[in-house]
Amino acid sequence: MLRDAWLIASKDLRVEWSSKVLTGQVLPFGVLVLILFGFGISPDRRVVEAPERAVLEQVAPGLFWMAVLLSALLALGRSFAIESVDGNLDALKLTGLDPAGIFLGKGLAVWLELVALEVVLGAGAFLLYGAPLGHPGLLAVTVAATTTSVAAAGTLYAALASGLRVRDTLVPLLVLPVLAPVLLGATLATEAALFGPAGDGWPWAGFLGAFALLYLGAGILSFGPLLEET
Amino acid sequence: MTQPGNPSPEAGPTSARPTAASLPVVALDGAVTLLGGFPALAGADLRVQPGEIVLLEGPNGAGKSTLLRLCAGLAPLQQGSGRVLDNDLSDRVGRRRVRRAVGLLGHQTSLYDELTVEQNVRFWARANRAVDTDIEPALERLGIGGRLRDVPVSGLSAGQRRRTALAVIVCRRPHLWLLDEPHAGLDRAGRDLVDDLVRQAVAHGATVMLSSHELDRATELATRIVTVAGGRPLERGPSPEPGPGSARTCTGSADAA
């Protein structure tokens, strides 16, 4: 299973590296969202020393995760778009690869892409919103658990929609409601990591970890039948 | 014709278990496949013996591609019974075994545009549990081992894409080759190469089913011709003994079911 997962993940990453979609479209989209959120909340940079700046700092975690989530939709759609052309999904079925390995490989590729995205967007958020970094340990756990949740649930629903003509519009409709609790938990845990106290954030980090494990398990168990139906 | 080290023809099939010589490779009885509610196969009966090269001929929409996909374990078997390589097509486990043991060349080539020729063949070969040392000879055999190996598939012609897809099947060493219009998009040399590959595969224990609109060439290649019309293969008379040059059972055109 793990061998199959790595085979799929390395292929997906190679495809993304060659296509430049991540660096040329997903990343700029995320940065644009981040900047536009900043403009929307603090439109006049001359008053950043005034209360608006404090507001911007306070909402930075939510804005960051919204930017990540919206960008993730592009990466998730792309993950199965490359299998939906030229009969690739049928060819995958013919390989006899472990479906759980395919799920984990697809999820791993998305996970790595999102981490790269989060590093860039996190730096951008720090520069634009000027949020402090209070508890890096909690932040690292929150980022890892949230990214795993988004990658696992997103991969499952993107696969579900992959056989449909309306997949491009269906994926956001399926994924966003499911990930709403993840967005809430990630925002609250990140707030605690940035501004403290850290104790407020750990229960949310635990929730995110449980969500990630739940969807990882669901994906591993259900991806075989799901692949049959697509 | 044959180069030392060529993977599929010399070494023969490796995937899944071997088929007992006495059992048909394909045995369909009243097989029905519905696609979008439409009976793409409407009670298909067919026997294919080991070592045969069966040509499926018939008009567009007759069910040839669906028949090949059913034999690959990809199209659903809704009624009737079907066994391929002694695996039950109505059973999920059986279908998975069939999928691992066949090589399907469909209308689509199943290649990633962003990857090079070599990256594509290498990925699919590894996914199919092929041996790494088979990759290089397969690329050379299909004439894509030179400067083309590093070209992204998006930059290839239709014929070159077809050759790349065939290289994947050669690496795979299937027991049953299912070729849907294998000559399409290929130049004369490419079509000759396909015919050589098919003959060599059969000489080393594989069985082949193919559909083609290049009837002159395909008729020459086939050991038996089956006409498909209205979602049914129409056979008259028993299958001939396997092997090149064996007598053919040609069916006439027939009414739709």
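Scroll up for the structure.
Residues numbered from 1 in each chain as written. Chains lettered and ligands numbered in written order. Predicted model: local features only at pLDDT ≥ 70, side-chain atom pairs only at ≥ 80, totals over all residues. Heavy atoms only, no water.

1. Details of the pairing of strand S3 (residues 53–57) of chain B
Residue and element names in this part refer to chain B. Of all five residues in S3, five are buried, a share of seventy percent or more. Across the two faces of S3 the burial is the same, with Ile53, Leu55 and Glu57 and Val54 and Leu56 all buried. In this sheet, strand S8 (residues 207–211) lies alongside S3 in parallel orientation, the contact comprising four bridges. The partner of valine 54 across the bridge, within S8, is methionine 209. (Buried < 20%, exposed > 50% of the residue type's maximum accessible area, 1.4 Å probe, protein only. Helix = DSSP H or I, 4+ residues; strand = E, 2+ residues; numbered from the N terminus. Pairing = 2+ DSSP bridges.)

2. Section: the sheet that holds strand S5 (residues 87–88) of chain B
All names here are of chain B. Taken in spatial order, the four strands of this open sheet run S2-S1-S4-S5, and their pairing is antiparallel. If you trace the sheet from one side to the other, it starts and ends with strand S2 (38–48) and S5, each paired once. Across two bridges, the pairing between strand S4 (residues 79–84) and S5 is antiparallel. The partner of valine 84 across the bridge, within S5, is asparagine 87. Against the sheet, helix H2 (residues 64–71) makes contact with strand S1 (26–35), S2 and S4, and its axis sits at roughly 115° relative to S1, the strand it touches most. (Contact = heavy atoms within 4.5 Å. Axes fitted to C-alpha atoms, helices over the stretch in contact; angles between N-to-C directions.)

3. Side note on the packing of aromatic side chains
A full pass over the atoms with the stated rule returns ten aromatic pairs over all chains. The interplanar angle of 50° and the centroid separation of 6.2 Å between the aromatic rings of A:Tyr157 and A:Tyr215 together place this pair among those described as tilted. Taken together, the positions of A:Tyr157 in helix H6 (residues 136–161) and A:Tyr215 in helix H8 (residues 202–229) put the pair 58 residues apart, joining distant regions of the chain. Since its relative accessible area comes to 18%, A:Tyr157 is described here as buried. The exposure class of A:Tyr215 is buried, given its relative accessible area of 13%. An angle of 65° between the planes, with centres 4.9 Å apart, marks the rings of B:Phe123 and B:Trp124 as edge-to-face. Since its relative accessible area comes to 3%, B:Trp124 is described here as buried. Clustering of aromatic rings is evident, with ring pairs tying together A:Tyr157, A:Trp204, A:Phe207, A:Phe211 and A:Tyr215. Over the ring of A:Phe80 we find A:Lys106; its NZ or CZ atom is 5.1 Å from the centre of that ring. (Phe/Tyr/Trp six-rings, centres within 6.5 Å; stacked < 30°, edge-to-face > 60°. Lys NZ or Arg CZ within 6 Å of the ring centre and 35° of its normal.)

4. Comments concerning the interface of chain A and chain B
Contacts between the two partners involve 27 residues from chain A, matched on the other side by 26 residues from chain B. Between chain A and chain B lies a buried interface of about 2,300 Å² when both sides are counted; carbon and sulfur atoms form 55% of it. Of all residues in chain A, the largest losses of buried area upon contact with chain B belong to A:Asp86, A:Leu94 and A:Glu228, amounting jointly to 29% of the total for that side. On the surface where chain A and chain B come into contact, there are four salt bridges. Counting the contacts that link chain A with chain B gives 14 residue pairs in polar contact (both at pLDDT 80 or more). Those elements that provide at least two residues to the side of chain A that touches chain B are helix H1 (2–19), helix H4 (88–95) and H8 of chain A. Ranked by residues supplied to the side of chain A that touches chain B, first place goes to H1(A) with nine residues. Class assignment for the residues of the side of chain A that touches chain B results in ten nonpolar, six polar and eleven charged. (Buried area = accessible area lost by both parts, 1.4 Å probe. Salt bridge = Lys/Arg side-chain N within 4 Å of Asp/Glu carboxyl O. Polar contact = N/O pair within 3.5 Å; in protein donor to acceptor, adjacent residues only side chain to side chain. Nonpolar A, V, L, I, M, F, W, Y, C, P; charged D, E, K, R; others polar.)

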